[in-house]
Amino acid sequence: MATVDQILKSLDHLPAIPTAVTQLIGNLMGGGDDPSAEPTSKIVMRDSALTTAVLRVANSAALGFQVSAVSIAEALSRVGENQLLKIALAHASQAALGGPVEEYGLEEGEAWLGALAGAFAAEGIAKRTRTGDPNVAFTAALLRDIGKLAMGLAVSADELTEMLLTGEGDVVARERATLGFDHAQIGAALGRAWGLPESLLNAIRFHHAPPEDDLADPLFDIVHCADCMAMMLGYGVGFDGLNYNLQPSSYELLGLDQIALEDVLVEVRLRMSEFLAEQGQPQPQA
Amino acid sequence: MLHYMLGQPRDKEKARKNPFMYAVSGVPALFRSMYEMGSQKENLIVCAAGGSEILDDKVGFSIGMKNRTILRKMFWKNGIVLHAEDTGGSAARHMLLDLETGRVNLRIKNQEVELWRP
């Protein structure tokens, strides 16, 4: 039987990722340690849409500056390198994740909103529980569902949609039973094809079922919990609905109780509203 | 139409700033604004949808169930009749209100179903 990587290699084309996104991911995860990496400001300046997105945030009412920032250098001094990277990555990822994913019942922009909500949730969990690097958690959760982009190419789209519309029970288990693999596996393979770092590939691979053996890593639990939170908030939910299992050990390991969960949910909802308002994007019915 | 996220806030300041995120602040605010616009309690048609949950919530967060319970409690205490509802389960629902006809439809998966019509 062909492996997921082999299935992916056999395809005529794969979903694409803009170079700016992989560069921003490298900078965000590297924490400025790679001297050969291109400075974030240069990556942003090369792309007019990214520049506009960053300047919008730097000039937002929330920051309270009376004079408008007109350059990326000024924006950088206002929001800081770390924040600038995340704004740029959140915006740039729309090019890869913003389209419709019809097989899963996700309309234009819905997959990206789900990715973004998960990213904010993961960052919030990592900060609150101090169990992982918030930047890595943000990036891993942002990319966790990239497998859904490729599933309709790797299998019969009709078969996949039929399974999602008619079946009952955990979607990941049903994907495996019906198609032989699931969207988390194909996502990790796609991430490998995109050249993403190994830690992100595993976070994608395990985002529905973090392992409890030697492979265990709190990052996977953070991304799993963030995924559940994005679903609870209604972001990026399609034909599959909330038909996923929640792994209790992840919440226990991270020390996320009801209070922490509700605090992070509130934070995510507010950050989503704020980010979309700053970017001039419509507020979804989530 | 109100889409609340949680039953009640832990922090009252958060509810003051974002009343529509919580049932205890959002539902009264919705009804108040409708009464201010001339609605009368006995004429109101009230529908509810949502309150879904992750399929297998062994942790017991049960946010959907809590959201459903608090709504029923508030309606019972205030004598509000719920005319139609489709709540619980693990499906995602989009509520559609047709302002011309007064019909309330739900989009679940790829189907639109009627929740209430005059």
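None of the values given here were measured: they were computed from a predicted structure.

**Student:** So, the sheet that holds strand β4 (residues 93-97) of chain B: which residues are in play, and what are the values?
**Tutor:** Residue and element names in this part refer to chain B. Strand order across the open sheet formed by 3 strands is β4-β5-β6, with antiparallel pairing between neighbours. In this open sheet, the two strands that pair with only one neighbour each are β4 and β6 (111-116). Within this sheet the neighbouring strands show an average axis-to-axis angle of 30 degrees, counted without direction. In the sheet, β4 pairs with strand β5 (residues 104-108) via 5 bridges, with the strands oriented antiparallel. Residue Leu97 lies in a different strand from β5, and its bridge partner there is Val104.

**Student:** Just give me the short version of helix α5 (residues 72-92) of chain A, but keep the residues and values in it.
**Tutor:** Because an α-helix completes one turn every 3.6 residues, residues spaced three or four positions apart along the sequence face the same direction. Taking 1.5 Å per residue, 21 residues should reach 30 Å; α5(A) reaches only 16 Å between its end C-alpha atoms and comes up short. The largest bend in α5(A) amounts to roughly 105 degrees and is located at Gly80(A).

**Student:** Now, about the side chain of Asn243(A): what can you tell me, with residues and values included?
**Tutor:** Tracing the backbone shows Asn243(A) in the loop between α14 (218-232) and β1 (245-246). Its relative accessible area of 11% is what places Asn243(A) among the buried residues. Reaching out from Asn243(A), the side chain makes a polar contact with the side chain of Ser90(B) at a distance of 2.6 Å.

**Student:** Account for the interface of chain B and chain A, with residues named and values stated.
**Tutor:** Contacts between chain B and chain A engage 29 residues on the former and 35 residues on the latter. In total, chain B and chain A occlude about 2700 Å² of area from one another, counting both sides; carbon and sulfur atoms represent 63% of this. Contact with chain A buries surface across chain B, with Ile54(B), Phe61(B) and Lys109(B) losing the most and accounting together for 26% of the total. Linking chain B with chain A are 2 salt bridges, by the criterion used here. The partner of Arg10(B) in a salt bridge is Asp263(A), with the nearest N and O atoms 2.5 Å apart. The tally of links from chain B across to chain A stands at 10 residue pairs in polar contact (both at pLDDT 80 or more). Taken together, the elements giving at least two residues each to the side of chain B that touches chain A come down to β2 (56-57), α3 (63-78) and β4 of chain B. Here the residues of the side of chain B that touches chain A sort into 12 nonpolar, 8 polar and 9 charged. Pairing analysis gives 2 bridges linking β1(A) to β2(B), with the strands arranged parallel. Residue pairing across strands places Leu246(A) opposite Asp57(B), the latter belonging to β2(B).

Definitions and limits used
- Residues numbered from 1 in each chain as written.
- Chains lettered and ligands numbered in written order.
- Predicted model: local features only at pLDDT ≥ 70, side-chain atom pairs only at ≥ 80, totals over all residues.
- Heavy atoms only, no water.
- Pairing = 2+ DSSP bridges.
- Helix = DSSP H or I, 4+ residues; strand = E, 2+ residues; numbered from the N terminus.
- Axes fitted to C-alpha atoms, helices over the stretch in contact; angles between N-to-C directions.
- Expected span 1.5 Å × (residues − 1).
- Bend = angle between axes of the 7 residues up to and from the residue.
- Buried < 20%, exposed > 50% of the residue type's maximum accessible area, 1.4 Å probe, protein only.
- Polar contact = N/O pair within 3.5 Å; in protein donor to acceptor, adjacent residues only side chain to side chain.
- Contact = heavy atoms within 4.5 Å.
- Buried area = accessible area lost by both parts, 1.4 Å probe.
- Salt bridge = Lys/Arg side-chain N within 4 Å of Asp/Glu carboxyl O.
- Nonpolar A, V, L, I, M, F, W, Y, C, P; charged D, E, K, R; others polar.

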